[in-house]
Structures are given as structure tokens and as C-alpha cells.
Amino acid sequence: MTIKKILFGSVLAIGMVGTAKAQYTEDALLFSQGDNGGTARFKAMGGASTALGGDISSITGNPAGLGFYNQSDASATLRYQYNKNKVNYFGRKSDSKTDNFNIDNGGVVFHLPTVRYGGDLTKGWLNFNVGIAYNRTNLIDNKLDYSGINTDNSITHAYADRMIDPTQKDWADDFYKSFMFEEDKDKKFYFPLAEDKNSEQFNSVWSKGGKSETALSFGSNYSNKFYIGATFSLTDFRYEKSAVFTEYGMTKTAAGIAALNPNSDYLKPDKEEFNYVDVDYELFDRYGQVTQGSGFDFKLGMIYKPTPSLSLGFTAKTPTFLSIADESTAYTEINYFKPNVNTSFASFRSSEEIGSSSYDYNLQTPYKLSAGVTQYLGAGLLTAEVEFVDYASMRWRDSRNNSAIEKEMNNSIKETYQAAFNVRLGGEVLFDQTFSGRAGFNFNGNPYKNADYKTYGISAGVGAKLGGGVYLDLTGVYNANNYKESPYKITYEGDWNTVSPRADIKNSRTNVMLTIGSKF
């Protein structure tokens, strides 16, 4: 089964419980996802960092890895991202692209030995190193553009479903004035005047923003066998989304309306409604969202070396406790045209007051557990890790302590999401004392209970030690995932004898990262 969600428009944004629940449920996942950030070296090895140390990435990966340092280190990482979507919607194919350049990571580790020169450097607590880093853990920069001829339904079917909801009477009253809906002869439901067949639909969705963290980390080395560390992180994010769904079609003929309500005012020539029968229309469903928040979390990490060439690592990360402010606007415009006439004879615009919202809430993201192993070889290493993320453990909290809304939202989260495993593999080979090469693979498991949504990635990179402690690392990472999503959801598909339209999306992201650093 594919993901069935409402992406945008007044079908999404109006009301706290009901369809708006879909927005907050989806946002909970979006704001919970991300990686550990880090340098180009670790990204080249698939992002596996649980059983590795001696890199700036340890600050937000496994802080126990800071104990591997025997000198101080500072670095900065730049990233270029190219994002591409290939979409198939009712057989029509389209492409959309975006790119972005940013500072992805920057940090410094201070090596603080506890044993003075001349002391025993093999036993006891040998150092207490401190690291500070900035990481961009999630870059949200995407654009979706697609179109097609929908031969099954109209977005007005989704509106009609919503008009039936007795809790949304203001919304129903407003849209009933659009001359796009009529009640059936028994007055049990609203039916749209839009013809069911051959409406041309366009969807444009833009999103941008990102999530970053500032982390303070501590790591220590005990007898070169056991390493332990802890990280405290402050998270900050901003997310902006705008969308326009456009539909061109025709209203029903008199015969089509009579079949549903033979006494309809749309069939009476002396009524204004009569003018809206068998005419062309254009519909614009507009949605905008700005969400920002901040929070904090903790991480504890350990690495144990049973032999000098083998490392076993473990990390536990608490949920990130976020405070979030969300503002959204939504409204619909409908223009009507007589056949073969380019100028509209009537227009409707829904109330922005009904379609706008401002809401503050708290979100507890999933906890994460990871375990890893690294085998050091004569001229390189192999490393792997498994991460467990329980997305069903996300918790939504109403800032006004409304227990009914909280229960509704958290039930929706539990019904939608599940636990998932992420796997990362990587390796490094030392060509000589100057140059090295790396490669990696990562797989992110499916967070949805009733959807197919997995992400795969491959990576490769090179590194060079330039002397004087200066080093350069260059990495390319390619990620891809295929999924389906609906521009609008028809709740009562069985009643309408139709299904929500779905777009087949193939997303690919190519990242190029450059790390410049120096050990001192």
C-alpha cells in the first residue's frame, strides 16, 4: 500500500482535529529525521561512526570516539546538494530540480591529557577531551512539479468529503457559496458539480529549510581499551512550504445534476445557480506553511577494544524535546467561464480566516540506539553499524494542555509509524602515507506501517594528508528513494467509487562534501 496523505491546500490546513491531523503527523516524522552530520571522511564510509573515533564526526556520532584523540583538531565541511525528482502522474512524466550550497559541519576538539609526560600512557584515564561542533543534520530543499489528466475524480471530491463533517460547518457553509457543490435529493451529502472525468491537474510544491544542531561533547580513554563519552546538543530548525494545486475542468450537465437531485436549483432557469451548469472552471488551491522550533537532547556512547584491531561501539540517544511554532494559510479560488470565452463570468474565493492557523506545540522525537563494529586492517579498516529508531514512540504535546487533541494526535502517530532499522557500512584503504580512499553504503528502513518507503545511498571519497597536520577530504554521496503520494485524499473512496490520485515519484539527491582540517 502506498502513502496516502494530504500534502497541501485547504483540504489540509483547516481544523485542528481531522484533516489537519495529517499535517502534524507528517511533520512529526519530517522534524524527527536527519543524520549525525559530520565530516566528508565519515560520510564517505556510509556515515558509520558508532565504532570509529578520532574524527570531528565523533562529537555527534559516538562521543566516545573523542577519547581516540592524542592531539587537538579543527575542521570545516562544505556541501553542495543537487536534488532531482522524476514524477509520473496519470502517465505524464515530468522532472524538477533544485540545488543548494551550505556549510555542513564545523568543529574543534581539544585534547586534554590527564597523564603528564613521563607518566604511564597505557593505564588509567589517559585523557579528557572536549569537542564543540555545528552540524546541519537535515537539509530540506525540494521542488515537485507534475501534471496529468485525471480520468477518475476531482479535488472537489475531497472538499465534498470535508463538507459532510459536522464539526466543520463554517467551512462547509463557506464552500457551499462557491456554486461548485449541491446536496443530493435526500440531503445526506454534498456532491461536487465538477465532472468526474478528464480534469487537467497541476501540482507545484516547494519546500526549503533545514535542521541543525550545536553540540558540546566530552570523551575519555581508559587504558586504550575502553572509551566513553557524552554529548549535549541544542537543535534548531526552520521549515517553509508553499504549494499550488491547479485544476481545469467542466461542471456537470443538467442531466448529470438531475440524476443526483432532480429538484436542484441548478436546473431552474430563473435561479442564479442555472448559470453554473455545463461551464468551464479553473480552480487554484493554495497553501503556505512556516514552521520553526528548537530543542535539546543527550547522547551517551561507549567503545570497547577487545583487541587492538577490533572496536565495538554503542550509543544511546534520548528523544529531542522540541518546542515548535507553526503558521499556515490556505485558500481556494474558483473562476468560471462560458464555453469558448476567455474571460470569467464569476469567481469564488474561500475565507482565509477559516483557512489560516497559528499553533504552538511540543514534539518528542524518537529515541535512537545504535551498535557498531570496526575491524582495523594492515592498510585500512572496515566498519558497520545498525541503528534502531522507534518512530511510533514520537509524542505530540499540546502547548495548551488539551488532552483530547494530544490523544488524537498520538493515536494517529501510533497508527501511522513503526520502528525501523538503519544500516550503514563503510571501509577505508590507505594507499600510502598521504592518500586514502573510502566507500560506503547506507539503508534507511521504512518508518511507515502501511507504506513502502525506503532510502538507499552509496558514497565514495578520497583523503589527503598535506603535512603540518593539514588534511583534505572529498566525498560524493548519492541517495535515492521511490515512493507514491497523493496531492489530495478522498476520504470516502467507496462512496465515490474512486480512489485518491497518486503520483509515482523517484527522488535522487547527490551531495558533494569537502572537509578542510588541521590537527595541532
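Since this is a predicted model, take the numbers as computed values, not measurements.

Asks: Quick rundown of the environment of Asp 95? Include the residues and the values.
Replies: As for its placement among the helices and strands, Asp 95 is situated in strand β2 (residues 92-110). Residue Asp 95 is classed as partly exposed on the basis of its relative accessible area, which comes to 45%. As for Asp 95 and Lys 185, which are separated by 90 residues in sequence, their C-alpha atoms are 45 Å apart. Here Asp 95 is in contact with Lys 84, Asn 85 and Lys 86, once residues within four sequence places are set aside.

Asks: Any details on the packing of aromatic side chains? Residues and values, ideally.
Replies: Using the criterion set out here, one finds 27 aromatic pairs in the structure. Ring centres of Tyr 89 and Tyr 146 lie 5.0 Å apart, and the angle between their planes is 55 degrees; on these two criteria the pair is classed as tilted. A residue pair is termed long-range when its members are at least 10 positions apart, and Tyr 89 in strand β1 (residues 73-89) and Tyr 146 in strand β3 (residues 125-150) qualify at 57 residues. The pair Tyr 89 / Tyr 146 is uniform in exposure class, with both members buried. Summarising the aromatic geometry, the rings of Phe 189 and Trp 496 are spaced 5.9 Å apart at their centres and angled 85 degrees between planes, so their arrangement reads as edge-to-face. In this pair, Phe 189 is assigned in the loop between β4 (181-183) and β5 (190-192) and Trp 496 in helix α9 (residues 493-496), connecting sequence segments 307 residues apart. The rings of Tyr 159, Trp 171, Phe 175, Phe 181 and Phe 348 are connected pair by pair, giving a single aromatic cluster. Its guanidinium or amino end placed over the ring of Trp 171, Arg 162 lies 5.3 Å from that ring's centre, counting from NZ or CZ. The lysine or arginine in question, Lys 338, covers the ring of Phe 345, its NZ or CZ lying 4.7 Å from the ring centre.

Asks: Provide a residue-level description of the pairing of strand β9 (residues 310-317), including the pertinent values.
Replies: Covered by surrounding structure in β9 are Ser 311, Gly 313, Thr 315 and Lys 317 only, the residues Leu 310, Leu 312, Phe 314 and Ala 316 on the alternate face being uncovered. Where strand β8 (residues 280-307) meets β9, seven bridges bridge the pair, whose relative direction is antiparallel. Counted as the bridge partner of Gly 301 is Thr 315 from β9. Taking the residues that link successive antiparallel strands as the turn, the β8-β9 hairpin has two residues. Judged from the eight bridges that link them, β9 and strand β13 (residues 368-377) form a sheet pairing that is antiparallel. Bridging from a neighbouring strand, Thr 315 pairs with Ser 370 of β13.

Asks: Please provide a residue-by-residue account of the packing of helix α4 (residues 155-163) against helix α5 (residues 169-176), values included.
Replies: Between α4 and α5, the least distance of the axes is 9 Å, while the angle of their chain directions is 135 degrees. By the angle between their directions, the pair α4 and α5 is classed as oblique. Touching Tyr 159, Arg 162 and Met 163 of α4 are Trp 171, Ala 172, Phe 175 and Tyr 176, all from α5. Of the residues contributing to the contact of α4 with α5, the split by class is six nonpolar, no polar and one charged.

Asks: Can you explain the nonpolar core? Please cite residues and give values.
Replies: Counting 30 residues, the largest nonpolar core has Met 180 and Tyr 336 as the members making the most contacts within it. Mapped by element, the contributors of at least two residues to this core are α4, α5, β5, β8, β10 (321-337) and β11 (346-349). At five residues, α4 tops the list of elements feeding residues into this core. If sequence neighbours within four positions are ignored, Met 180 has contacts with Thr 156, Phe 191, Pro 192, Leu 193, Ala 194, Thr 251, Tyr 266, Tyr 281, Ile 334 and Tyr 336. Ranked by size, the runner-up nonpolar core spans 23 residues in total, among them Ala 28, Phe 237, Tyr 239 and Ala 451.

Asks: Describe empty space enclosed by the protein, and please don't skip the residues or the numbers.
Replies: This structure, assessed with the given rule, holds six cavities of 30 Å³ or more. Estimated volume of the second largest cavity: approximately 170 Å³. Elements with a minimum of two residues in the lining of the second largest cavity: α2 (20-32) and β6 (199-222). The element that contributes the greatest number of residues to the lining of the second largest cavity is β6, accounting for three residues. Broken down by class, the residue content of the lining of the second largest cavity amounts to two nonpolar, ten polar and five charged.

Asks: Any details on a positive patch on the surface? Residues and values, ideally.
Replies: Judged by side-chain charge, Lys 86, Lys 93, Lys 97 and Lys 506 come together as a positively charged surface patch. As for its placement among the helices and strands, Lys 97 is situated in strand β2. Of the residues examined, Lys 97 reaches a relative accessible area of 48% and is grouped as partly exposed.

Asks: With reference to specific residues and values, describe a nonpolar patch on the surface.
Replies: Residues Leu 78, Tyr 80, Phe 101, Ile 103, Val 462, Leu 466, Val 470, Leu 472, Leu 474, Val 512, Leu 514 and Ile 516 make up a contiguous nonpolar surface patch of about 990 Å² in total accessible area. Elements supplying a minimum of two residues to the nonpolar patch: β1, β2, β18 (455-467), β19 (470-485) and β20 (503-519). Within the secondary structure layout, Phe 101 lies in strand β2.

Here is what the cut-offs are and how they apply
Residues numbered from 1 in each chain as written. Predicted model: local features only at pLDDT ≥ 70, side-chain atom pairs only at ≥ 80, totals over all residues. Heavy atoms only, no water. Helix = DSSP H or I, 4+ residues; strand = E, 2+ residues; numbered from the N terminus. Buried < 20%, exposed > 50% of the residue type's maximum accessible area, 1.4 Å probe, protein only. Contact = heavy atoms within 4.5 Å. Phe/Tyr/Trp six-rings, centres within 6.5 Å; stacked < 30°, edge-to-face > 60°. Lys NZ or Arg CZ within 6 Å of the ring centre and 35° of its normal. Pairing = 2+ DSSP bridges. Axes fitted to C-alpha atoms, helices over the stretch in contact; angles between N-to-C directions. Parallel < 35°, antiparallel > 145°, perpendicular 65-115°, else oblique. Nonpolar A, V, L, I, M, F, W, Y, C, P; charged D, E, K, R; others polar. Core = buried A, V, L, I, M, F, W, Y, C linked by side-chain atoms within 4.5 Å. 1 Å grid on protein atoms, 1.4 Å probe; cavity = no way out; pocket = protein on both sides within 12 Å on 5 of 7 lines; lining within 4 Å. Points joined across faces, edges and corners; volume = space filled by probe spheres on them. Patch = residues over 30% accessible without salt bridge, like charges linked within 9 Å, V, L, I, M, F, W, Y side chains within 5 Å. Areas by Shrake-Rupley, 256 points an atom, 1.4 Å probe, with all protein chains shown as cover. Salt bridge = Lys/Arg side-chain N within 4 Å of Asp/Glu carboxyl O. Lys, Arg positive; Asp, Glu negative; His and termini not counted. Charge placed at Lys NZ, Arg CZ, Asp CG, Glu CD.

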